[in-house]
Amino acid sequence: MPVEPLTQKEIEERLSELPGWSLDAGRLTRSYRLGSHFAATAMVVHIAQVQDELDHHSDLTLGYDTVALAVHTHSAGGAVTEKDVELARRVEDLAAGHGAH
């Protein structure tokens, strides 16, 4: 099933529901700070699990106490789609449980 790109207006509407997320270079992006390297690593593992469940994967970067994501949909020509928004929502839902801000 093809995935349709979101319009700029649709992206802006979705971002208004995702605090801390933004559009950067055509991707939805967000960085989180955590209390330790171990906490950041645990969050990365949790995000990887969600990405496998959704069969949709972001560029995921682990720093000492930070986690950063950048996501777009390759099958939609690198555009932002509902798949990206759903991944962002799922990550937001799990972030607080890891103490991320």
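What counts and what doesn't
Starting from 1, residues in each chain are numbered consecutively following that chain's sequence as written. Whole-chain, interface and lining totals are the exception, using all residues; otherwise, since this is a predicted model, local features are given only for residues with pLDDT of at least 70 and side-chain atom pairs are given and counted only at 80 or more. Side-chain metrics in this entry use all non-hydrogen atoms of the structure; hydrogen atoms and water are not considered. Put simply, DSSP marks the helices as runs of H or I at least four residues long and the strands as runs of E at least two long, and each gets a number from the N terminus on. By definition in these notes, contact holds between two residues if any of their heavy atoms fall within 4.5 Å. Only C-alpha atoms enter the line fits that serve as axes; for helices the fit covers just the stretch in contact. Angles between N-to-C directions range over 0 to 180 degrees. By definition, turning the near helix anticlockwise from the far helix through less than a right angle yields a left-handed crossing, and turning it clockwise yields a right-handed one. Basically, the charged four are Asp, Glu, Lys and Arg, the nonpolar ten are Ala, Val, Leu, Ile, Met, Phe, Trp, Tyr, Cys and Pro, and anything else, Gly included, counts as polar. Take a side-chain nitrogen of Lys or Arg and a carboxyl oxygen of Asp or Glu: if they are within 4 Å of each other, that pair is a salt bridge. Only protein chains enter the accessibility calculation, which uses a 1.4 Å probe; a residue is then buried when its area is under 20% of its type maximum, exposed when over 50%, and partly exposed in between. Two strands form a pair only when DSSP identifies at least two bridges running between them.

This part takes up the side chain of Thr73. Tracing the chain through its elements places Thr73 in the loop between strand 4 (66-71) and helix 3 (82-95). Excluding residues that lie within four positions of it along the chain, Thr73 makes contacts with His56, Gly78, Ala79, Thr81, Lys83 and Asp84.

On to the packing of helix 2 (residues 37-54) against helix 3, then. Two numbers describe how helix 2 lies on helix 3: the axes approach to 10 Å, and their chain directions differ by 145 degrees. Of the two possible hands of crossing, helix 2 and helix 3 adopt the one that is right-handed. Mapping the contact onto sequence places Met43, His46, Ile47, Val50, Gln51, Glu53 and Leu54 in helix 2 and Glu86, Leu87, Arg90, Val91, Leu94 and Ala95 in helix 3. Looking at side-chain class alone, the contact of helix 2 with helix 3 contains 8 nonpolar, 2 polar and 3 charged residues.

Once that is clear, we can look at the pattern of salt bridges. In this structure the tally under the stated criterion is 8 salt bridges. Residue Glu17 pairs with Arg89 through a salt bridge whose shortest N-O separation is 2.9 Å. In this pair, Glu17 is assigned in the loop between helix 1 (8-15) and strand 1 (22-24) and Arg89 in helix 3, connecting sequence segments 72 residues apart. According to the relative accessible area criterion, Glu17 is exposed, its value standing at 51%. What makes Arg89 partly exposed here is its relative accessible area of 28%. Note that Glu92 is salt-bridged to Arg30, the shortest N-O span being 3.2 Å. A residue pair is termed long-range when its members are at least 10 positions apart, and Glu92 in helix 3 and Arg30 in strand 2 (residues 27-33) qualify at 62 residues. Residue Arg30 is classed as buried on the basis of its relative accessible area of 14%.

What follows concerns the sheet that holds strand 3 (residues 59-62). Strand order in the open sheet formed by 4 strands is 1-2-4-3, and the pairing between neighbours is antiparallel. Looking along the sheet, the strands with just one partner apiece sit at the ends: strand 1 and strand 3. On average, each strand axis in the sheet is inclined to that of its neighbour by 25 degrees, with strand direction left out of account. Here strand 2 runs beside strand 4; their pairing, made up of 6 bridges, is antiparallel. Considered in strand 4, the bridge of Arg30 is made with Leu69. Here helix 1 sits on the sheet and contacts strand 1 and strand 2; the angle it forms with strand 1, its principal contact strand, is near 135 degrees. On the sheet, helix 3 packs against strand 2 and strand 4 and is oriented at approximately 10 degrees with respect to strand 2.

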